[in-house]
Amino acid sequence: MIQPIKRLGQNFLQDPNTIRKIVDSLGAETNSRVVEIGPGTGALTKLLSERYSDFMAIEIDPRAVEWLSHELPGVRVVQGDVLEVDWVELAKDAPGEKVSAIGNLPYYITSQILFGLLDAAPVIREAVIMMQYEVAARLTAAPRTKDYGILSVATQLACTPKLLFPVSRNVFYPKPDVKSAIVRLEFPQSVTEQRVHPEWLRRVIRSAFNQRRKTLRNSLSAILNEVQMSLPDELGAKRAEELSPQEFVDLALYLHKAQ
Ligand code: SAM
């Protein structure tokens, strides 16, 4: 075993039933290219590499990479930072030019990993990821609920997120401070052409939620000044949490056309 390092988000899974349940949540065909994020000491890696012939794992901790080279010889484990992974490059030559991702994520970078996957949506088939329960609730939240925010809108525009099941703190060593859950992200088979520039869309969503208690007329005032527009009365009186992900796209498009 290796001594877990808190700074690297190392909470290792210990329970065989939970491990099997997580691996079984991945619907990918056995010939799919599957990439594990943060294999650590290999709790998921053993089962995954037995099931998928086109498998690789990315791990930042050289001690874990060394451990896995002895425990699971022949399994492809690359030492590196998942935040620097070029998913498009990884998907090249894969069946259907797409990859599936799986991992018990290091929680200190959950959002960055998630945004990396969302940005790479056209080359991702699905992702099964363990994250903090609170983040899972935000990803899957519906409009007009307290958890609905930037993360919900960004995720639901790129894929369909499903909160599959909660995971007890007791199945990890060491036990994490927060509750956990498994989420599956199902990406569309073909991505429809974005009609609106992603950065512009992100700016509109962010501005609206940064002052989520204000009406859109007020929270978007800087943008409205910039494009020299006002919003129709009914829309301007709404708050960010009342808009569906698609309504944010329509709003961004409407404001963009005005420029
Ligand atoms: N998969 C193992 C398990 O379930 O027992 C370990 C999961 S642990 C929560 C997260 C893993 O991600 C650790 O092994 C940690 O070293 C690794 N990790 C942390 N930051 C990383 C990064 N930036 N890139 C790749 N791996 C990272």
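Draft legend 1. Expanded view of helix α8 (residues 198-210). Across its 13 residues, α8 extends 18 Å between first and last C-alpha, which sits within 8% of the 18 Å expected from 1.5 Å per residue. Turning to α8, its buried residues are W200, L201, V204, I205, S207, A208 and F209.

Draft legend 2. Just the site of the ligand, in detail. Surrounding the ligand, one finds 23 residues, the nearest of these being Q10, L13, G38, E59 and D81. Between the ligand and the protein, one listed contact pairs a nitrogen atom with a backbone N or O atom of I60 at 3.4 Å. A distance of 2.8 Å separates a nitrogen atom of the ligand from a polar atom in the side chain of Y108. Out of a free accessible area of 600 Å², the ligand has 99% covered by protein chains. Counting residues per element, the ones that place at least two in the shell around the ligand are β1 (12-13) and β3 (54-59).

Draft legend 3. Representation of the domain arrangement of the chain. Here the domain parsing of the chain yields domain 1 (6-186) and domain 2 (198-256). Computed from C-alpha coordinates alone, the two centres of domain 1 and domain 2 are separated by 32 Å. Counting residues at the interface gives 11 residues for domain 1, matched by 15 residues for domain 2. For the interface between domain 1 and domain 2, the tally reads two salt bridges. A salt bridge links R202 to D119, with the nearest nitrogen and oxygen atoms 2.6 Å apart. Inspection of the region where domain 1 meets domain 2 yields five residue pairs in polar contact (both at pLDDT 80 or more).

Draft legend 4. Geometry of the pattern of salt bridges. One pass over the structure, following the stated rule, counts 13 salt bridges. Across the pair E89 and K92 runs a salt bridge whose closest N-O atoms are separated by 3.3 Å. One salt-bridge network, in which partners are shared between bridges, spans K162, R184 and E186.

Draft legend 5. Inspection of the sheet that holds strand β2 (residues 33-37) at higher detail. Judged by pairing direction, the sheet is mixed, and its seven strands sit side by side in the order β4-β3-β2-β5-β6-β9-β7 without closing on themselves. In the strand order of this sheet, the two ends are held by β4 (77-79) and β7 (160-167), each with one partner. Across the sheet, the mean angle separating the axes of adjacent strands is 20° when strand polarity is ignored. For β3 and β4, the ladder comprises three bridges, and the chain directions are parallel. Looking across to β4, one finds that I58 is bridged to V78.

Draft legend 6. Seen up close, the nonpolar core. Core analysis: the largest hydrophobic core is formed by 35 residues, its most contacted members being W87, L117, I124, L185 and F187. Excluding residues within four positions of it along the chain, W87 makes contact with V35, I37, V82, V99, A101, G116, L117, A120, V123 and I124. Core analysis: the second largest hydrophobic core is formed by 26 residues, I22, V23, L68 and I182 among them.

Reading the values: rules and limits
Residues numbered from 1 in each chain as written. Predicted model: local features only at pLDDT ≥ 70, side-chain atom pairs only at ≥ 80, totals over all residues. Heavy atoms only, no water. Helix = DSSP H or I, 4+ residues; strand = E, 2+ residues; numbered from the N terminus. Expected span 1.5 Å × (residues − 1). Buried < 20%, exposed > 50% of the residue type's maximum accessible area, 1.4 Å probe, protein only. Near = heavy atom within 4 Å. Polar contact = N/O pair within 3.5 Å; in protein donor to acceptor, adjacent residues only side chain to side chain. Areas by Shrake-Rupley, 256 points an atom, 1.4 Å probe, with all protein chains shown as cover. Domains from an automatic or database assignment. Contact = heavy atoms within 4.5 Å. Salt bridge = Lys/Arg side-chain N within 4 Å of Asp/Glu carboxyl O. Pairing = 2+ DSSP bridges. Axes fitted to C-alpha atoms, helices over the stretch in contact; angles between N-to-C directions. Core = buried A, V, L, I, M, F, W, Y, C linked by side-chain atoms within 4.5 Å.

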